[in-house]
Amino acid sequence: MKMRYELERAVAIRAAIKATALCRDVQAGIKSARRITKADSSPVTVADFGSQAIVNLEIKKAFPADRIMAEEDSSPLRSSERLKFEVVSRVCRFIQDISEDEVLTAIDYGKFTGGSGRRYWAVDPIDGTKGFLRGEQYAVAIGLIEKGKVVVGVLGCPNLALDFMDESSEKGSLLVAVQDQGAYMRAYSSEKEREISVSRVMDPAKARFIESYESARSEERRVGNECRSRWSPYH
């Protein structure tokens, strides 16, 4: 029996795989990769633009009526011939027979601003750009929102070990979830999936603590205090 959102799930997985292939390619030569700085001072690389173009193209090919909310727009590329050339040439390695104008247009598909009454996709072409620039963790994040609720979500994490307890295990994890259908994890090298779930550990002293890779966004002391307060027998 066909499951709800089966096509959307497959499209998001395919888009994440293609986009992270481009990101891996750029990250391998990170010293030479072109980047600019946006108004909010966050670094933007060729991979951000290229990843967004690929994801948007995959979504629009399958669902031409769907809208997309994404981070980047093509204006920095239109004002820099060198940056535009690098982005377009990278995208062309993974999507054949696509023109420069089509790449720029694909990036700009992401200009939708969202709304609770509409169906749309939310795309973060590289979540964790600073980690990406350091050769560390980042993700290509894709979500489908209907009536204000996320119904499909895919994270492409090319540097994340399949075994969290063994950093030497195979790298490259895809995390996939569909509303009312559970969440799963799979390797890039295989379509075999295993179900994942929230930990059943109730004692915070036995729980695994996870924090951001970015120290500036880590609030370990505050979170630790909240956990101790919440789980205190006198609370």
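Let me begin by describing the structure that accompanies this report. Everything numeric here is computed off the predicted structure, so don't read it as measured data.

What counts as what
Numbering of residues starts from 1 in every chain and runs along the sequence as written. In keeping with the predicted nature of the model, local features appear solely for residues at pLDDT of at least 70, side-chain atom pairs appear and are counted solely at 80 or more, and the whole-chain, interface and lining totals rest on all residues. Processing note: side-chain calculations cover all non-hydrogen atoms of the structure and skip hydrogens and water entirely. Categorising residues by exposure relies on relative accessible area from a 1.4 Å probe, with only protein chains included: less than 20% of the type maximum marks a residue as buried, more than 50% marks it as exposed, and the intermediate range marks it as partly exposed. Working definition: helices are DSSP H or I runs of at least four residues, strands are E runs of at least two. Numbering for both runs from the N terminus. Any two residues whose heavy atoms approach within 4.5 Å at even a single point are treated as in contact. With axes taken as lines fitted to C-alpha atoms, and helix axes fitted only over the stretch in contact, angles between N-to-C directions fall between 0 and 180 degrees. Orientation categories follow fixed angle ranges, with anything under 35 degrees roughly parallel, anything over 145 roughly antiparallel, 65 to 115 roughly perpendicular, and all other angles oblique. What makes a crossing left-handed is the near helix being turned counterclockwise from the far one by less than a right angle; a clockwise turn instead makes it right-handed. Residue polarity follows a fixed list, in which Ala, Val, Leu, Ile, Met, Phe, Trp, Tyr, Cys and Pro are nonpolar, Asp, Glu, Lys and Arg are charged, and the others, Gly among them, are polar. The criterion for an aromatic pair is that two Phe, Tyr or Trp rings (for Trp, the six-membered ring) have centres within 6.5 Å, with stacked assigned to planes under 30 degrees apart, edge-to-face to planes over 60 apart and tilted to the rest. Definition used: whenever NZ (Lys) or CZ (Arg) falls within 6 Å of the ring centre and also within 35 degrees of the ring normal, the charge is taken to sit over that ring. Here, strands pair whenever DSSP counts at least two bridges between them. One speaks of a salt bridge when a side-chain nitrogen belonging to Lys or Arg is within 4 Å of a carboxyl oxygen belonging to Asp or Glu.

## Concerning helix H5 (residues 100-108)
Helical geometry: 3.6 residues make up each α-helical turn, so side chains three or four residues apart lie on a common side.
Next up, step 1: Within H5 the residues assigned to the buried category are Val103, Leu104, Ala106, Ile107 and Asp108.
Next up, step 2: The inward-facing, buried residues of H5 contact helix H2 (46-62), helix H3 (75-78) and helix H4 (81-94).

## A few points about the packing of H2 against H4
Next up, step 1: Look at H2 against H4: their axes get within 9 Å of each other, and the N-to-C directions meet at 45°. The angle between the axes of H2 and H4 places the two elements in the oblique class. Between H2 and H4 the crossing geometry is right-handed. Contacts between H2 and H4 pair Val46, Phe49, Gly50, Ala53 and Ile54 from the former with Leu83, Glu86, Val87, Arg90, Val91 and Phe94 from the latter.
Next up, step 2: Along the lines of polarity and charge, the residues of the contact of H2 with H4 split into eight nonpolar, one polar and two charged.

## Quick word on the packing of aromatic side chains
Next up, step 1: Using the criterion set out here, one finds three aromatic pairs in the structure.
Next up, step 2: Between the aromatic rings of Phe112 and Tyr120, the centroid separation amounts to 5.3 Å while the plane-to-plane angle is 65°, which identifies the pairing as edge-to-face.
Next up, step 3: Of note, Arg24 hangs over the ring of Tyr188, and the distance from its end group to the ring centre comes to 4.8 Å.
Next up, step 4: Lying across the ring of Phe63, Arg119 places its NZ or CZ 5.2 Å from the centre.

## Describing the side chain of Asn56
Next up, step 1: Within the secondary structure, Asn56 sits in helix H2.
Next up, step 2: With relative accessibility at 0%, the residue Asn56 sits in the buried group.
Next up, step 3: Not counting chain neighbours up to four residues away, the residues in contact with Asn56 comprise Ile68, Ala106, Ile107, Tyr109, Gly110 and Val123.

## Examining the packing of helix H1 (residues 6-28) against H2
Next up, step 1: Where H1 meets H2, the closest approach of the two axes is 9 Å, and the angle between their N-to-C directions is 160°. With respect to H2, the element H1 is oriented roughly antiparallel. As for the relative orientation of H1 and H2, their crossing is right-handed in sense. Every residue of H2 that contacts H1 at Val11, Arg14, Ala15, Lys18, Ala19, Leu22, Cys23 and Val26 is listed here: Val46, Ala47, Gly50, Ser51, Ile54, Val55, Glu58, Ile59 and Ala62.
Next up, step 2: When the residues that make up the contact of H1 with H2 are grouped by side-chain class, the tally is 12 nonpolar, two polar and three charged.

## What to know about the sheet that holds strand S9 (residues 193-196)
Next up, step 1: Pairing within the open sheet is mixed, and its seven strands lie in the order S3-S4-S5-S6-S7-S8-S9. Two strands bound the open sheet, and with one partner strand each, they are strand S3 (67-70) and S9. Ignoring which end each strand starts from, the neighbouring axes of this sheet average 20° apart.
Next up, step 2: With six bridges connecting them, strand S7 (residues 171-178) and strand S8 (residues 182-187) associate as antiparallel partners. Note that in S8 the partner of Ala177 across the bridge is Ala183.
Next up, step 3: Contacts between H1 and the sheet are confined to strand S4 (119-127), strand S5 (139-146), strand S6 (149-161), S7, S8 and S9, with S6 contributing the most and set at about 30° to the helix.
Next up, step 4: Packing against the sheet, H2 makes contact with S3, S4 and S5, and its axis sits at approximately 155° to S4.

## Points about the pattern of salt bridges
Next up, step 1: Overall, the coordinates contain 16 salt bridges when judged by the stated rule.
Next up, step 2: We note a salt bridge from Glu136 to Arg134, for which the minimum N-O separation is 3.2 Å.
Next up, step 3: Given a relative accessible area of 42%, Arg134 falls into the partly exposed group.
Next up, step 4: Counted as one network, the salt bridges with shared partners bring together Arg4, Glu8, Asp66, Arg119 and Glu146.

## Observations concerning the pairing of S6
Next up, step 1: Relative to S6, S5 runs antiparallel, the two sharing seven bridges. Counted as the bridge partner of Ile142 is Val154 from S6.
Next up, step 2: In sequence, S5 turns back onto S6 through a hairpin of two residues, with Lys147 there showing a positive phi of about 50°.
Next up, step 3: Relative to S7, S6 runs antiparallel, the two sharing seven bridges. Each bridged residue has a counterpart across the sheet, and for Val152 the counterpart in S7 is Val178.

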